Amino acid sequence: RQAPTRWGWPAAAGLALLTALWSVSILANRMKTGFLQAAAVITGTLVLGGAVLGWIGVERGAEFVRAGDSAPDLDASLRLLDTELAKAGNGPGAQTTRVFTFGDSTHQFPRFEFKDALKIALDRERPEQFSVYGLAHGGMTGRDYYLLLNKVLENRPDVLVLPINVATFEDRWYNNPMWYFDSLEPFLRLDEFPRAFRLRVGQRRFQWEHILLRKADAEWFDRKPSRFLGGLRSYVDREAQRLSILVQNRLGGSAAAYRPNAADRFVRIAPDSDMVNVFRAINALARKHGIRVIYYTTPLDDEAQKSKGVFFQPRFNFDTIQRELSGPSHVTFLKLHESFPKELLRDDFVHLKPAGIQYLADHVAQTVETPATDAPTPP
């Protein structure tokens, strides 16, 4: 079956709706009372509208799954991670040190992620002594790393490696709800509920009724309702964006000239910021389960960002984050942004080329291979 064209769904939905309204109106005109006529029209419209929306949602949800072959979405990446962990087994007698790493889009390159680069770097000096698992996905923040850590605890990690991207500490960033990360909330462990509900990260807040519903969705329905709602919302959002650009062009504007970040923005991270508190929760959960944590700063071209009106102030902000997170003895904080070659950044001055991903991995590997001076004791 061929994929619908750009105008296929709206045209089909509109035609079907008009046909149904016409048919229902004819049927209603033959009835005796106006009340029955109105009820018939409303009922027919609701039923047909629900059917059309259901069709769109199912089709878009299926597209999410099919897209996993070339550009893995979050669910596809999670399924791949589950497959790798199932092959490795969960027993405590594993011969290798288990390293888990998660990251955002800066570490995501087609068919080459940070976990792959870290495995290459570790195998150079100590082949087959480390097992590396993880995933990278666009938009990931500390909240999502916290939920993923909840997920992999049963796999007994020894080391957790996480990037510190100053952009994701900005209020403007994590006030984006990032609705597709709802699929991570079922991983929250019951014993972590008291800690989680004290965390506030913009619109990405933990609410017990949502988490329980998503746990039921994952446990009993294999996340099919989530994929349906995600597909429907993706379609609506995409069409709304397309219509917005169309209106701008008709009014004489240009989509290319539209700059939502035109006003200068100064990013200044406070010690008690929401995101810093989330990483504190990661530190506490890791220590509870005997996991060593290694943070490393991700590079950006600060001068290039200033030209776009964004002042990330990396020196000040990374110093603040390091001061707040690196106190516990099981935590190591690496400042890799200072010596990072800018030519290893891609054209947007934030995302990394494959050589840039490998550069970070090589430096992180040196720390992973060095035993911690006071690593936490596993329970």
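Rules behind the numbers
- Residues numbered from 1 in each chain as written.
- Predicted model: local features only at pLDDT ≥ 70, side-chain atom pairs only at ≥ 80, totals over all residues.
- Heavy atoms only, no water.
- Helix = DSSP H or I, 4+ residues; strand = E, 2+ residues; numbered from the N terminus.
- Buried < 20%, exposed > 50% of the residue type's maximum accessible area, 1.4 Å probe, protein only.
- Contact = heavy atoms within 4.5 Å.
- Areas by Shrake-Rupley, 256 points an atom, 1.4 Å probe, with all protein chains shown as cover.
- Salt bridge = Lys/Arg side-chain N within 4 Å of Asp/Glu carboxyl O.
- Axes fitted to C-alpha atoms, helices over the stretch in contact; angles between N-to-C directions.
- Parallel < 35°, antiparallel > 145°, perpendicular 65-115°, else oblique.
- Left-handed = near helix turned anticlockwise from the far one by under 90°.
- Pairing = 2+ DSSP bridges.
- Phe/Tyr/Trp six-rings, centres within 6.5 Å; stacked < 30°, edge-to-face > 60°.
- pLDDT = per-residue confidence, 0-100.
- Nonpolar A, V, L, I, M, F, W, Y, C, P; charged D, E, K, R; others polar.
- Lys, Arg positive; Asp, Glu negative; His and termini not counted.
- Polar contact = N/O pair within 3.5 Å; in protein donor to acceptor, adjacent residues only side chain to side chain.

The helix and strand tally for the protein stands at 13 helices and 9 strands. The burial tally for the protein puts 45% of its 379 residues in the buried class. Considering only contacts within the protein whose residues lie at least 6 apart along the sequence, 80% involve residues at least 24 apart. As displayed, the protein has an accessible area near 19800 Å², and 57% of this comes from carbon and sulfur atoms.

The next subject is the pattern of salt bridges. Applying the stated criterion across every chain, the model contains 12 salt bridges. Here Arg124 ties to Asp362 by a salt bridge, and the two come within 2.9 Å at their closest N and O atoms. Of this pair, Arg124 sits in helix H4 (residues 114-125) while Asp362 is found in helix H13 (residues 354-369), placing the two residues 238 residues apart along the sequence. Overall, the relative accessible area of 23% leaves Asp362 in the partly exposed class. Here the salt bridges do not stand alone but share partners, grouping Glu84, Lys115 and Asp116 into one network.

A few words on the packing of helix H5 (residues 142-152) against helix H10 (residues 274-288). Where H5 meets H10, the axes come as close as 9 Å, and the angle between the chain directions of the two elements is 20°. Classified by the angle their axes make, H5 and H10 are roughly parallel. H10 is crossed by H5, and the crossing has left-handed handedness. Every residue of H10 that contacts H5 at Gly142, Arg143, Tyr145, Tyr146, Leu149 and Asn150 is listed here: Met275, Val278, Phe279, Ala281, Ile282, Leu285 and Ala286.

As a further point, take the sheet that holds strand E4 (residues 130-136). The strand order across the open sheet built from 5 strands is E4-E1-E5-E7-E9, with neighbouring strands paired in parallel fashion. Each edge of the open sheet is held by one strand with a lone partner, namely E4 and strand E9 (331-334). Averaged over all pairs of adjacent strands, the angle between strand axes in this sheet comes to 20°, irrespective of strand direction. Across 4 bridges, strand E7 (residues 292-297) lies against E9 in parallel orientation. Note that in E9 the partner of Ile294 across the bridge is Thr332. Relative to E9, helix H12 (residues 314-325) is tilted by about 170°, and along the sheet it contacts strand E5 (159-164), E7 and E9. Contacts between H13 and the sheet are confined to strand E1 (97-103), E4, E5, E7 and E9, with E7 contributing the most and set at about 150° to the helix.

Here we take up unusual backbone geometry. Here Arg156, not a glycine, exhibits a phi torsion of approximately 55°, which is positive. Within the secondary structure layout, Arg156 lies in the loop between H5 and E5. Of note, the phi angle at Gln313 is positive, near 45°, even though the residue is not glycine. Relative to the assigned elements, Gln313 resides in the loop between strand E8 (310-311) and H12.

Tallying each qualifying case throughout the model produces 8 aromatic pairs. Here the aromatic rings of Phe279 and Tyr295 are separated by 5.6 Å at their centres, their planes lie at 75°, and the arrangement is edge-to-face. Here Tyr295 lies in strand E7 and Phe279 lies in helix H10, a separation of 16 residues in the sequence. On the accessibility criterion, Tyr295 (0% relative accessible area) is buried.

Buried residues dominate E7, accounting for 6 of its 6 residues. Note: E5 against E7, 6 bridges, orientation parallel. When the bridges of E7 are listed, Leu160 appears paired with Val293.

In the predicted model, the protein carries a mean pLDDT of 76, and 63% of its residues have values of at least 70. For the stretch residues 67-72, pLDDT sits under 50, and the model shows 7 contacts to residues farther than four places along the chain or on other chains. Of the regions scoring below 50 in pLDDT, residues 254-262 engages in 10 contacts with residues more than four places distant in sequence or in other chains.

Okay, the packing of helix H3 (residues 74-88) against H5 next. Where H3 meets H5, the axes come as close as 12 Å, and the angle between the chain directions of the two elements is 30°. Viewed along their axes, H3 and H5 adopt a mutual orientation that is roughly parallel. Crossing of H3 over H5 shows right-handed handedness. Counting all contacts with H3, which are made through Leu78, Leu81, Asp82 and Leu85, the residues of H5 involved are Leu148, Lys151 and Val152. Residues belonging to the contact of H3 with H5 are distributed by class as follows: 5 nonpolar, no polar and 2 charged.

Here the focus is the side chain of Asp104. Along the chain, the position of Asp104 falls in the loop between E1 and strand E2 (108-109). Arg346 provides the closest opposite charge to the buried, salt-bridge-free Asp104, at an N-O distance of 9.8 Å. Separated by 2.4 Å, the side chains of Asp104 and Thr106 make a polar contact. With near-sequence residues (within four places) excluded, Asp104 lies in contact with Ala136, His137, Gly138, Gly139, Met140, Tyr145, Asn165 and Thr168.

All right, on to the environment of Ala86 then. Secondary-structure assignment places Ala86 in helix H3. Look at Ala86 and you get exposed, because its relative accessible area is 62%. Separated by 69 residues in sequence, Ala86 and Asn155 have C-alpha atoms that sit 9.3 Å apart.

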